[in-house]
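Residue strings, one per chain:
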Amino acid sequence: MKHFMIVTNKGKDPGLARTEEICRYLESAGCSVSVYADEISGKEWEAILAKEKERAEGMLVLGGDGTLLRAARDTVESKIPLLGINLGTLGYLAEVEQSSLIPALQQLVDGDYMLEERMLLAGQVIRKQQRILETRALNDITITRNGRLQMLYFQIYVNGKLLKEYHADGIIVATPTGSTGYNLSAGGPIVEPSAKVTLLTPVCAHTLQTRSVILRAEDNIVIRIGEREGKAAQPVEVCFDGNQNLGLAPGDEVHITRSNMVTTIIKLKETSFLDVLNRKMSE
């Protein structure tokens, strides 16, 4: 690789010390670098990627898993592969730790890496038969309460057929990549990240019989927000990858399918997912 984009979470890299260290190393190795360390809007990304997508061979994302998720969503159409450099705490997506930064950079310069594709979810919010939001998620799409400690009521349809009616605190629809995130905390299964499935995991469901459901990646999921008779409407919101939220009302629907786009992740080691999982869960 000869030209890199660097996307930095300034809160995780005060003074951009790590960012500047990476720039110096790559430039000393004959590479060029473009640095983006400020909050960037969707319109700004369009202009940046129009310039970068033809020359950038890799994108280094400094921060944590949240920073990588935002970068994946905002830049997916450029098809530039991403490598996460973990400046946070526990990270499953950000592969490179600060202690191994320089050897990792040298591997990139030498071309000693692999590329791995990860599926994305495409989500639409439908209100009164009108689409009011459309976006993607690499980890998960969640529906949770936003206010009083009351359960939500919603119905889940798969390929047009009712799967189940839930009374719960929420529902998580996750990719295999997102299986180690909120899905794991809610008791959902861990799935090898290159698998092609979609996970449904209820959050604190009011029943003893509820378990996660694993569906085909090709299945179409519709979650319809219900209204409990005689009860005031409970504030509800849908969240995409933990950082893009929208309030929902009774009757709203969230339509979820597999995206036709993928996120490409740079892998520097042939370490299996099980090895990584063992190490992360022991920390």
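By convention here, each chain's residues receive numbers from 1 onward along its written sequence. Where totals are concerned, whole chains, interfaces and linings use all residues; where local detail is concerned, this predicted model gives features only for residues with pLDDT of at least 70, and gives and counts side-chain atom pairs only at 80 or more. In computing side-chain properties, one takes all heavy atoms of the structure into account and sets aside hydrogens as well as water.

**Regarding the overall build of the protein chain**
(1) Moving on: By definition, any uninterrupted DSSP run of H or I lasting at least four residues is a helix, any uninterrupted run of E lasting at least two residues is a strand, and each is numbered from the N terminus. Broken down by element type, the protein chain carries six helices and 17 strands.
(2) Moving on: By the compact-globule yardstick of 19 Å for 283 residues, the protein chain fits well, its C-alpha radius of gyration being 20 Å.
(3) Moving on: With the principal axes as the frame, the protein chain shows a C-alpha extent of 70 × 40 × 35 Å.
(4) Moving on: Out of the 283 residues in the protein chain, the part that is buried amounts to 50%.
(5) Moving on: Contacts in the protein chain between residues far apart in sequence, at least 24 positions, make up 69% of those at least 6 positions apart.
(6) Moving on: In this tally, Asp and Glu contribute negative charge and Lys and Arg positive charge; neither His nor the terminal groups of the chain are included. Here the site of a charge means atom NZ of a Lys, CZ of an Arg, CG of an Asp or CD of a Glu. Considering the protein chain, the positive charge centre built from 32 side chains and the negative charge centre built from 36 side chains are found 5 Å apart. The size measure is the radius of gyration over C-alpha atoms, and the globule rule it meets is 2.2 Å times the number of residues to the 0.38 power. Buried means the residue's accessible area, taken with a 1.4 Å probe over protein chains only, is under 20% of the maximum for its type, while exposed means over 50%, and partly exposed covers the values in between. By definition in these notes, contact holds between two residues if any of their heavy atoms fall within 4.5 Å.

**Description of helix α1 (residues 17-28)**
(1) Moving on: To estimate the expected span of a helix, subtract one from its residue number and multiply by 1.5 Å. Look at α1: 17 Å from first C-alpha to last across twelve residues, which is about the 16 Å you get at 1.5 Å a residue.
(2) Moving on: All buried positions along α1 are accounted for by T19, I22, C23 and L26. Taken down its axis, α1 places every buried residue within 100° of arc, on the same side. In α1, the exposed positions angled more than 90 degrees off the buried face are occupied by R24 and S28.
(3) Moving on: Lining the buried residues of α1 we find β1 (3-8), β2 (32-36), β3 (58-63), β4 (82-86) and α4 (101-110).
(4) Moving on: Looking one or two places after α1, you find G30, whose phi comes out positive at around 90°. By construction, the arc corresponds to the directions joining the helix axis to the C-beta atoms.

**Side note on the pairing of strand β6 (residues 114-127)**
(1) Moving on: Only when DSSP finds a minimum of two bridges between them are two strands counted as paired. Direction of pairing for β6 relative to strand β17 (residues 253-267): antiparallel, over a ladder of twelve bridges. Bridge pairing in β17 links L115 to I266.
(2) Moving on: Bridge count for β6 against strand β7 (residues 130-137) is seven bridges, and the pairing is antiparallel. Residue pairing across strands places I126 opposite R131, the latter belonging to β7.

**Focus on the side chain of N9**
(1) Moving on: Residue position: N9 is located in the loop between β1 and α1.
(2) Moving on: Distance and chemistry together define a polar contact, namely a pair of N or O atoms within 3.5 Å, with one atom able to donate a hydrogen and the other to accept it when in protein, and with adjacent residues in sequence counting only for side-chain atoms on both sides. In terms of polar contacts, N9 uses its side chain to reach the side chain of T67, at 3.1 Å.
(3) Moving on: What N9 contacts, discounting residues up to four positions off in sequence, is L62, G63, T67 and R70.

**Topic: the nonpolar core**
(1) Moving on: Within the largest apolar cluster, 27 residues are counted, with the highest numbers of intra-cluster contacts made by I143, F154, I156 and I223.
(2) Moving on: No other element matches strand β9 (residues 152-158), which puts four residues into this core.
(3) Moving on: Ignoring any residue separated from it by four or fewer positions in sequence, one finds I156 in contact with K161, L162, L163, K164, Y166, I171, L200, I221, V222 and I223. Only buried residues count toward a nonpolar core. Its members are Ala, Val, Leu, Ile, Met, Phe, Trp, Tyr and Cys residues joined through side-chain atoms within 4.5 Å.

**Notes on the pattern of salt bridges**
(1) Moving on: Take a side-chain nitrogen of Lys or Arg and a carboxyl oxygen of Asp or Glu: if they are within 4 Å of each other, that pair is a salt bridge. Counted according to the given criterion, the structure contains eleven salt bridges.
(2) Moving on: The residue R136 makes a salt bridge to E77 at a minimum N-O spacing of 3.4 Å. Separated by 59 residues along the polypeptide, R136 in strand β7 and E77 in the loop between α3 (65-75) and β4 bring together distant segments of the chain.
(3) Moving on: Notably, a salt bridge pairs D169 with R145, separated by 2.9 Å at the nearest N-O pair. Placement of the pair is D169 in the loop between β10 (161-168) and β11 (170-174) and R145 in strand β8 (residues 140-145), with a sequence separation of 24 residues.
(4) Moving on: Taking the relative accessible area as the measure of exposure, D169 reaches 16% and is therefore buried.

**Observations regarding the packing of aromatic side chains**
(1) Moving on: We call Phe, Tyr and Trp rings a pair once their centres come within 6.5 Å, taking the six-membered ring for Trp, and we label the pair stacked below 30 degrees between planes, edge-to-face above 60, and tilted otherwise. The full count for this structure, using the stated rule, is two aromatic pairs.
(2) Moving on: Ring centres of Y36 and W45 lie 6.4 Å apart, and the angle between their planes is 50°; on these two criteria the pair is classed as tilted.
(3) Moving on: Its relative accessible area of 12% is what places Y36 among the buried residues.

Honestly, that's just the spatial picture; any functional story needs more than this.
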